[in-house]
Amino acid sequence: MAFTPLLVKAQNTYYSKATGNANLVTTWGINTDGTGAAPPDFITGDVFIVRSGSSLTTSGTWDIDDAGINNAGILRIATGGTLTASHAITFTSSSGTGTLFEIETGGLYVHALSSNMSLTILSASITSFLPGSTFEINTTGTHNNSAGAVFANFTVSGTATVTINTTILYVSEILTIGSTATLRFSNTGITSSLSDGGSMTTAGTGLLKTSSTSTTNLPAGITWSFQVNYDRVTANQRIQTGTYNNLNATGGAREIISGATVNIAGTFTPGAGTYTLGTNSTIEYSANGSLTIPTLPYQNLTISGTGTKTLGGNLTITGTLNISNTSGFLSINGNTLTLNGDATLNNGKLIGSPTSNLT
């Protein structure tokens, strides 16, 4: 009996030219500078590397297939490489263990289309975002992260409103929201939230909005450079401990858990909802300049910024009033201030008037 030999295709690695459309085979070559033989197609399990110094775009949709080969069908953005996709990039894994999308340290992927990232660039079997890599979205759209990818740097730029609908967005390094951009977690249940995937920090002056009722709707202990809105209207939301540049909690009921400190470094719009402030929780006003103190059921109230802070109505403080800045002042402003605990002024001052009361 004669046997026909089984032909096994060798996996090739192709590198990008300096510029071009990634979905065209002519943009790729077998040599590390992008020259040499181009791939015959994108469906035979090859490796495609957007090399350092290369900046690619797309002119049409692009599908990368592993051709039934394990650990094949790979797209890698190398250090110093950039890929901007204005068309869908997708992955097909016939083997079930193939296809990889990876961004190396210093690499940049820009999602310049409204299509759900989970159904396009994150459709690879494996996603890998190395420390120092950046994933950016600059176009309005609704997305989810069903693969559970952990992004290193995640950026929302331009005038985009990026909505995360039903999954958790993990960011391990820097979350950046540009000055005219918005990142929104729209699901009103517990399935849409932001999570610190490592040591997350923030940058930019845009807007983050969350409607989630999850007790971990946002990570705790973060210094938020941009405005944060807790905007659920009909249910309670937890305001996480952290430092807020600007905080807007307009909507339904809000809570701060026991022992938590919420630092307001800019403006605070509390809304008209009912507040539940846990035992020994603290709201701190660290912004400099004049500010009206909202009437809330404070446990501890700290004023650490300079300038005069003015009561907006009668106020009761269950725990400690602390004016920690020597140039900080609290004006009772004709209202009644009731102190059920201690007051620590540290050379700051309480300012009264003939119609003010201190009890």
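Before any of the text, the structure's been laid out above.
Residues numbered from 1 in each chain as written. Predicted model: local features only at pLDDT ≥ 70, side-chain atom pairs only at ≥ 80, totals over all residues. Heavy atoms only, no water.

## Some points on the overall build of the protein chain
Item 1. Helix and strand counts for the protein chain stand at zero helices and 43 strands.
Item 2. Its C-alpha atoms give the protein chain a radius of gyration of 27 Å, clearly above 21 Å, the size a compact globule of 359 residues would have.
Item 3. For the protein chain, the share of sequence-separated contacts (at least 6 apart) that also reach a separation of at least 24 residues comes to 40%.
Item 4. Accessible surface computed for the protein chain: about 14400 Å², of which carbon and sulfur atoms make up 52%.
Item 5. Of the charged side chains in the protein chain, 11 are positive and 15 negative, and the gap between their average positions amounts to 11 Å. (Helix = DSSP H or I, 4+ residues; strand = E, 2+ residues; numbered from the N terminus. Rg over C-alpha atoms; globule rule 2.2 N^0.38 Å. Contact = heavy atoms within 4.5 Å. Areas by Shrake-Rupley, 256 points an atom, 1.4 Å probe, with all protein chains shown as cover. Lys, Arg positive; Asp, Glu negative; His and termini not counted. Charge placed at Lys NZ, Arg CZ, Asp CG, Glu CD.)

## Things to note about the packing of aromatic side chains
Item 1. One pass over the full model with this rule turns up 19 aromatic pairs.
Item 2. Centre to centre, the rings of Phe 135 and Phe 154 are 5.9 Å apart; their planes meet at 5°, and the pair counts as stacked. Taken together, the positions of Phe 135 in strand E13 (residues 134–137) and Phe 154 in strand E16 (residues 153–156) put the pair 19 residues apart, joining distant regions of the chain. The burial state of Phe 135 is the same as that of Phe 154; both residues are buried.
Item 3. In this structure an aromatic cluster arises from ring pairing among Phe 91, Phe 101, Tyr 109, Phe 129, Phe 135, Phe 151 and Phe 154. (Phe/Tyr/Trp six-rings, centres within 6.5 Å; stacked < 30°, edge-to-face > 60°. Buried < 20%, exposed > 50% of the residue type's maximum accessible area, 1.4 Å probe, protein only.)

## Overview of the nonpolar core
Item 1. Ranked by size, the top nonpolar core spans 78 residues in total, and within it Leu 75, Phe 101, Tyr 109, Phe 135 and Leu 208 carry the most contacts.
Item 2. If sequence neighbours within four positions are ignored, Phe 135 has contacts with Phe 101, Ile 103, Tyr 109, His 111, Met 117, Ile 121, Leu 122, Phe 129, Phe 151, Asn 153, Phe 154 and Thr 155.
Item 3. Within the second largest apolar cluster, six residues are counted, among which are Tyr 15, Ile 74, Ala 78 and Leu 100. (Core = buried A, V, L, I, M, F, W, Y, C linked by side-chain atoms within 4.5 Å.)

## Some words on the pattern of salt bridges
Item 1. Within the structure shown, the criterion is met by four salt bridges.
Item 2. In this structure, the salt-bridge partner of Glu 102 is Arg 76, at a minimum N-O distance of 2.6 Å. Linking Glu 102 in strand E10 (residues 100–103) with Arg 76 in strand E7 (residues 74–77), this pair joins segments that are 26 residues apart in sequence.
Item 3. Here Glu 255 ties to Arg 238 by a salt bridge, and the two come within 3.0 Å at their closest N and O atoms. With Glu 255 in strand E29 (residues 254–256) and Arg 238 in strand E26 (residues 237–238), this residue pair connects regions lying 17 residues apart in the sequence. Both residues of the pair, Glu 255 and Arg 238, count as buried.
Item 4. A single network of salt bridges, built from pairs that share partners, joins Arg 76, Glu 102 and Glu 104. (Salt bridge = Lys/Arg side-chain N within 4 Å of Asp/Glu carboxyl O.)

By themselves these figures say nothing about function.
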